[in-house]
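# Coordinates in review
Chain by chain, the residues run as shown.
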Amino acid sequence: MLIQLNQKQVKLQNELQEYFESLITPALRTELNQPEHFEGGGPEFKKAMKTMGSDGWIGLSWKKEFGGKELSPIEQYIFVETVMRTGFPFPFLTTESVGPMIAEHGSEWAKEEIATKILKGELIFGIGYSEPNSGTDLASLQTKAIKQSDGYLINGQKMWTSLANFSDYIWLATRTDFEAKNHKGISMFIVPTDDPGFSMSAINTLGDVRTNATFYDNIHVPETHLVGELNQGWSLITSQLNLERLALVNHGPVEELYKDVLETAQSTKINNDQYLSDLSWVKHNLAQVHSGIEALKLICWKQTWIMESGQLNMAEASVAKVYGSEFFIEAYRLMMEIIGELSILKNDSELKILNARLERMYRTASILTFGGGTNEVQRDIIAMAGLLMPRTR
Amino acid sequence: MDFSELSHQTEIRDSLDKILSEHCSQERLKKYDADFKHDEDLLSLLSTNGFLGLGLNEKYGGSGEDLYDLGILFERLGYHAAPLSLSGCLADVAQTIQKFSNEESCNEILSSIIAGEIYTSAILEPSNQDPENPITAAEIENNQVVITGTKYLSEIASIAKSILISTNSNEGVLLILVDTDQVKLTELNSTANSPLFKVELDSVKVDRESIIHEKGRGLEALKYLIQLNMVMRSYIALGVTEKMTSLIAGYTSEREQFGRVIGTFQAVSHRAADCFIELECLRLVNQQASINLNTNLDCENEALVSKIWAGNACHKISYSAQHLHGGMGVDKDYVLWRYCLLAKECELINGSASQNINRLGENITTNQ
């Protein structure tokens, strides 16, 4: 048993950290601090993505034969961790989830036109999975793709299509077999957002993160836009799910914030001879967060190790998702208590603390308990796969 | 990164389970519910099979200095609710002597522990919240040390050859091995009927050689002992809570109400899933702490984190288990109740979760 990063992994971590420090210019930082660019999409962001592409920092999880670096799960985790610590809204879903699937299962056109450009940092995808009536029960989705002589005709509506407002394409889950059981009739398409049949309306969220409802009205795509076999799309949706869930609960950002809150508490005077960190309840909150982060870090590391050794352990992946997402909410609360009233001041306010990161983080934290596979379903999985209990109904 | 157990560790786990499941049947455990809870036969069986040498160097007859191995022993003892209280002997005394005593003491004491001789420790004091700063006093007079004070919660002291006592002196903290016949013992009657004693020392005189460490290393040795004890107790807690969680899964998968197995109600299965999450966290923080203690004698924060998780897991899982079992959970003819009592003992001895959170917060804010 060995529970630490090895030299090579530490080196990668340092290398990435240095790289991102130089990548994030003051201009980019300013852009990212504007709510409409929280998730990227601005000119500085696009420039940075292209730089990353030409420096070879995109496609880390891709197989070497498709031009990737084929990093192991633990190295990918370190990558996600380091990027998230910097606050750069790296489009992981495009580069690490959609990209490698297109590179591996796409048509010749998709491989040359799409995969290559993703590697260069020139393309962004929105993910079209959820629908108004298909959320947790995703396999019940109804957006249709009907076979025609020269391709497919797509009609339907998607919800929560994040990034669609600056995406080039949508990675779209559609129903192509209406007779087959739910998950057996689903196919994946690459749908261009500049098609006249494509439209969207913004959904503004509590966390000031914009997402979208997207509409697909008689969009015709050629055969080359189908990825993978017809009716075999479900496995493409689920194949990367464990890594994605793990990325959602990466311990990097919360640890980064914890360090900053600790430093703030240690340097904030509350009277002539006491600092904030001298108060017993402040110590208590910090220790709660500390011991929670330790467990989260170990859960995530263990999960990457499980993936690396090629085992499949559904229960532990769900443990990571449930524990991590619920811990974040608790941790932000405990840290906001330490900073006190000042932590409700927003990013553009006088007197804000730590760039108002806590104020923003607490507003976005709730997404994770239901997003990425709602925690009720994860607990069902834990009971079944971890405790061998009967299926709930 | 490697979370797998080595093959010898899996073997330790398997053979321990074999021995312990035979020796800790309901029938046998019942015998110890009211009697002195110490299974002499089981102890000698563990000794014959080499399990008392886990975590000890081969040159003393042990199976290698890996604290994770020792952790497996405590975990399995907890899992089977074994009538043996060995953390004072195998963790506190054996490991502290191995790390801080001279070769001669190691040879003598460690090999006799491996052979089944009982030693124990007496560290905790009533009305002292800080075990690193003992009230029990040692006065050094020429080549003699005179000890006065009161300790409590000392395990199986009545059958121990000697007791390792923590003291304060004008040379700082001293850890001193005292023959049991020199102290006054009173058995305490505690919640899980574990054999715990009050130890009174009234001007007990021992040779200076009874101090187990080099001059000036007493505090370091005591800190190590306390941290190791926390981690090993957390391993007992891991075994106890693992058993309770598996009892939950088993019982709720069979018990039928409203025409269906109650484990199919989400309210039930989700509470069970929360126990599984708690358990997984405890397992990981224990692993980290025991591995770090292998190479670093001072891992206070890791040890605290592990005992914090242990305290919380013991509390939460115990009450979830009782609740989900309904009346069965408190019926003394069923197995669960013993684990609930053990859980409370693990939760509180050597630092409760709140106390340790407080300590951890102190360390964090003073950059320790």
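The structure displayed is predicted, hence computed values, not measured ones.

## Quick notes on the overall build of chain A
In terms of regular secondary structure, chain A is built from 14 helices and eight strands. Taking the principal axes of the C-alpha coordinates as reference, chain A spans close to 80 × 50 × 40 Å. Relative to its full complement of 393 residues, chain A shows a buried share of 44%. In chain A, the share of contacts with a sequence separation of at least 24, taken over all contacts with a separation of at least 6, comes to 68%.

## A few points about the interface of chain B and chain A
Counting residues at the interface gives 37 residues for chain B and 40 residues for chain A. Residue assignment for the side of chain B that touches chain A shows that the elements contributing at least two residues are helix H7 (218-252), helix H8 (266-295), helix H9 (300-325) and helix H11 (353-365) of chain B. At 14 residues, H8 of chain B tops the list of elements feeding residues into the side of chain B that touches chain A. Of the residues that constitute the side of chain B that touches chain A, the class distribution is 20 nonpolar, 13 polar and four charged.

## Some details on the packing of helix H1 (residues 7-23) of chain A against helix H4 (residues 73-86) of chain A
All names here are of chain A. Taken N-terminus to C-terminus, the directions of H1 and H4 make an angle of 30°; their axes are 10 Å apart at the nearest point. Taken together, the axes of H1 and H4 are roughly parallel relative to one another. The handedness of the crossing between H1 and H4 is right-handed. Note on element contacts: H4 touches H1 through Ile-74, Glu-75, Ile-78, Phe-79, Thr-82, Val-83 and Thr-86, opposite Gln-9, Leu-12, Gln-13, Leu-16, Gln-17 and Phe-20. Of the residues belonging to the contact of H1 with H4, the class tally is seven nonpolar, five polar and one charged.

## Here we look at the nonpolar core
Counting 176 residues, the largest nonpolar core has Ile-299 and Met-335 of chain A together with Ile-176 and Ala-272 of chain B as its most contacted members. Counting residues per element, this core draws most heavily on H7 of chain B, at 18 residues. With near-sequence residues (within four places) excluded, Ile-299 of chain A lies in contact with Val-319, Ala-320 and Tyr-323 of chain A together with Glu-280, Cys-281 and Leu-284 of chain B. In terms of nonpolar packing, the next biggest core, distinct from the first, is built from 43 residues, Ala-48, Leu-119, Ala-173 and Val-227 of chain A among them.

## Side note on the confidence of the model for chain B
Averaged over all residues, the pLDDT of chain B equals 97, while 100% of them reach at least 70. Across the interfaces of the predicted complex, the ipTM metric reaches 0.95, alongside a pTM of 0.96.

## Observations regarding the packing of helix H9 (residues 252-267) of chain A against helix H11 (residues 314-339) of chain A
When two helices pack together, their arrangement is given by the angle between their axes and by how far apart the axes lie. Residues and elements named next belong to chain A. As a packed pair, H9 and H11 sit with axes 10 Å apart at the nearest point and diverge in direction by 15°. Judged on the interaxial angle alone, H11 and H9 are roughly parallel. The crossing of H9 and H11 is left-handed. Across from Val-254, Leu-257, Tyr-258, Val-261, Thr-264 and Ala-265 in H9, the residues of H11 making contact are Phe-328, Ala-331, Met-335, Ile-338 and Ile-339. A per-class count over the contact of H9 with H11 returns ten nonpolar, one polar and no charged.

## What to know about H9 of chain B
All names here are of chain B. Helix length check: H9, at 26 residues, gives a terminal C-alpha distance of 37 Å against a target of 38 Å (1.5 Å per residue), a fit within 8%. Taking burial as the measure, the 26 residues of H9 include 20 buried ones, the bulk of the element. At the C-terminal side of H9, Gly-326 shows a positive phi close to 60°.

## Topic: the pairing of strand S4 (residues 162-169) of chain B
Residue and element names in this part refer to chain B. Buried residues dominate S4, accounting for six of its eight residues. Both strand S1 (residues 120-122) and S4 contribute to a ladder of three bridges, which runs parallel. Bridging from a neighbouring strand, Ser-121 pairs with Leu-164 of S4. Once S4 ends, the chain turns through two residues before running back antiparallel as strand S5 (residues 172-179).

What counts as what
Residues numbered from 1 in each chain as written. Chains lettered and ligands numbered in written order. Predicted model: local features only at pLDDT ≥ 70, side-chain atom pairs only at ≥ 80, totals over all residues. Helix = DSSP H or I, 4+ residues; strand = E, 2+ residues; numbered from the N terminus. Buried ≥ 20, exposed ≤ 12 C-beta atoms within 10 Å, placed from the backbone. Contact = placed C-beta atoms within 7 Å. Nonpolar A, V, L, I, M, F, W, Y, C, P; charged D, E, K, R; others polar. Axes fitted to C-alpha atoms, helices over the stretch in contact; angles between N-to-C directions. Parallel < 35°, antiparallel > 145°, perpendicular 65-115°, else oblique. Left-handed = near helix turned anticlockwise from the far one by under 90°. Core = buried A, V, L, I, M, F, W, Y, C linked by C-beta atoms within 7 Å. pLDDT = per-residue confidence, 0-100. Expected span 1.5 Å × (residues − 1). Pairing = 2+ DSSP bridges.

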